[in-house]
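Per-entry structural report
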Amino acid sequence: RARAMAAEGAASAARWQPPHSPSGLVLQTVEMHTGGEPLRIVPRLEAAEAAAAAGQSLLSLRREVAATQDHVRRALVHEPRGHAGMYGAVVVRGGAAAAGAHLAALFLHGAGYSAMCGHAVLALGRFALDYGLVEAPSCPETAVHLRCPCGPVTAFVPWDGHRSGNPVRFHSVPAFAAATDLTIDVPGHGKVVVDIGYGGTFYAFLSAEQLGLDVCSSKTRDLVNAASAVTEAVKKQFKIHHPESEDLAFLYGTILTDGKDAFSKESTTNICVFADEQVDRSPTGSGVTARIALQYHKGLIQLNQTRTFRSSTTGSLFTGKAVQAIKFGNYNAVIVEVSGEAFYTGTATFTIEEEDPLKYGFIFK
């Protein structure tokens, strides 16, 4: 039924569109959110699929899209169609980029392109079933294989024979502690101690208390400013290395926590500030992955001990646990399972008029 409704909606959109330039973009999207964090899905981008069909890997496709199709990201993520917290994903089917998976995905944010996005994976798992990317879904749960720029991940999605459901969970790429108890001098805050964790992308972690803040009660603007200062300081004072690709060796952001890292059945709260001061509304899937890897590395949790993570911005919850210990390059790594709820919020057709001076969007801070 969902697939029929999607086809009917697309046909209706095609019958009437606002005036737009014949040569201008017409972009159809599926809108979702996971724990409050938006996901604007582009089900098909011809330029990306043509490059994938020509044999490009997902990392090289990410570079090419950034170089040649960045107007698509800006048009969809920036104002007036998007906002400062908007996030997107371009679905790529087939070709070398998908590499045998049901789909590949490029992740879009306000400043560029991420290597991994857990909240997007949870949503894309549902999208893959409801929009027919998995030929024969099985009840009560279907494994959806996705390829992300950081590597392959698998989402496990409830399926009742007609539509997908919640909660969705995924198994991460190998996650590891890149550095622990690292002293960083942060302008305006002095010396703080941070951990660097990898969960498909790299984050710096520290308690907000070290910065004179409370992750649960301080003003979001103060948390964002402090986290951004930490990110910039770490970039200058610590060299990040990835075992497989230098394309992945970058610090994505900083996650401030309530300091409750030891295993507990009580939830622990954090806020993720990534890219150019963008704030995640969810507990952050790749951040939960990295934080679990750090806790496991420090002996604070064991395999299959489930922790609950709360977003300080919306109160939404993810759970996470380390399910397998493995070796990844020279690192002792873990595969982490993250679980959360993703929901549809609608569909959209975006058009562009060539004479619009703001046709490809703008950033307002």
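This is a predicted model, so every value here is computed, not measured.

Notes on the pattern of salt bridges
Across all of its chains, the model carries 13 salt bridges by this definition. Ionic pairing is found between Arg40 and Glu31, a salt bridge with its closest N-O pair at 3.0 Å. The same class applies to Arg40 and to Glu31, which are both buried. A salt bridge links Arg291 to Asp258; its shortest N-O distance comes to 3.9 Å. Note that Arg291 is positioned in helix 8 (residues 285-297) and Asp258 in the loop between strand 12 (251-257) and strand 13 (268-274), a separation of 33 residues in sequence. Residue classification places Arg291 among the buried positions, given a relative accessible area of 2%. Asp258 sits in the partly exposed class, given a relative accessible area of 22%. Through salt bridges with shared partners, one network takes in Asp70, Arg73 and Arg74.

What about the nonpolar core?
As a rule of thumb, soluble globular proteins bury nonpolar side chains together. By size, the foremost hydrophobic cluster in this structure holds 90 residues, and its most contacted members are Phe107, Val121, Leu124, Val144, Val194, Ile196 and Leu256. The greatest single-element share of this core, amounting to eight residues, is contributed by helix 6 (residues 118-130). Two domains each provide a minimum of three residues to this core, namely domain 1 (1-166 + 344-352) and domain 2 (173-340). Beyond its immediate stretch of four places on either side in the chain, Val194 contacts Thr180, Asp181, Leu182, Ile184, Phe205, Leu206, Val230 and Val234.

Things to note about the domain arrangement of the chain
Entries for the chain in the domain assignment read domain 1 (1-166 + 344-352) and domain 2 (173-340). In this structure, domain 1 and domain 2 have C-alpha centres spaced 26 Å apart. Contact between domain 1 and domain 2 buries roughly 1,800 Å² in total, counting both sides, with carbon and sulfur atoms accounting for 58%. When the buried area of domain 1 at its contact with domain 2 is split by residue, Glu37, Leu122 and Cys150 rank highest and sum to 24% of it. Across the contact surface, domain 1 and domain 2 share one salt bridge. Note that Arg63 is salt-bridged to Asp247, the shortest N-O span being 2.1 Å. Elements with a contribution of two residues or more to the side of domain 1 that touches domain 2: helix 3 (58-68), helix 6 and strand 7 (151-158). Here the residues of the side of domain 1 that touches domain 2 sort into 12 nonpolar, 11 polar and three charged.

Re helix 7 (residues 220-237)
Between the first and last C-alpha of helix 7 there are 26 Å, a value that for 18 residues agrees with the 26 Å anticipated at 1.5 Å per step. Taken as a whole, helix 7 has its buried residues at Leu223, Val224, Ala226, Ala227, Ser228, Val230, Thr231, Ala233 and Val234. Tucked into the core, helix 7 has its buried residues touching strand 9 (176-186), strand 10 (190-198), strand 11 (202-207), strand 12, strand 13 and strand 14 (278-279).

So, the pairing of strand 13
Most of strand 13 is tucked away: seven of the seven residues are buried. Here strand 13 shows a buried face lined by Thr268, Asn270, Cys272 and Phe274 and a second buried face lined by Thr269, Ile271 and Val273. Of the strand pairs in this sheet, strand 13 and strand 15 (residues 307-311) are connected by three bridges, and their pairing is parallel. The residue of strand 15 that forms the bridge with Thr268 is Phe309. The pairing of strand 13 with strand 14 spans two bridges and is antiparallel.

Comments concerning the packing of helix 2 (residues 46-53) against helix 3
Between helix 2 and helix 3, whose axes approach to 10 Å, the crossing angle comes to 145°. Handedness of the crossing formed by helix 2 with helix 3: right-handed. Across the interface between the two elements, Ala48, Ala51 and Ala52 from helix 2 touch Leu61, Glu64 and Val65 from helix 3.

Some thoughts on the packing of aromatic side chains
Counting across every chain of the model gives 12 aromatic pairs. Between the aromatic rings of Phe127 and Tyr131, the centroid separation amounts to 4.7 Å while the plane-to-plane angle is 20°, which identifies the pairing as stacked. What makes Phe127 buried here is its relative accessible area of 0%. Judged by relative accessible area, which is 28%, Tyr131 ranks as partly exposed.

Rules behind the numbers
Residues numbered from 1 in each chain as written. Predicted model: local features only at pLDDT ≥ 70, side-chain atom pairs only at ≥ 80, totals over all residues. Heavy atoms only, no water. Salt bridge = Lys/Arg side-chain N within 4 Å of Asp/Glu carboxyl O. Buried < 20%, exposed > 50% of the residue type's maximum accessible area, 1.4 Å probe, protein only. Helix = DSSP H or I, 4+ residues; strand = E, 2+ residues; numbered from the N terminus. Core = buried A, V, L, I, M, F, W, Y, C linked by side-chain atoms within 4.5 Å. Domains from an automatic or database assignment. Contact = heavy atoms within 4.5 Å. Buried area = accessible area lost by both parts, 1.4 Å probe. Nonpolar A, V, L, I, M, F, W, Y, C, P; charged D, E, K, R; others polar. Expected span 1.5 Å × (residues − 1). Pairing = 2+ DSSP bridges. Axes fitted to C-alpha atoms, helices over the stretch in contact; angles between N-to-C directions. Left-handed = near helix turned anticlockwise from the far one by under 90°. Phe/Tyr/Trp six-rings, centres within 6.5 Å; stacked < 30°, edge-to-face > 60°.

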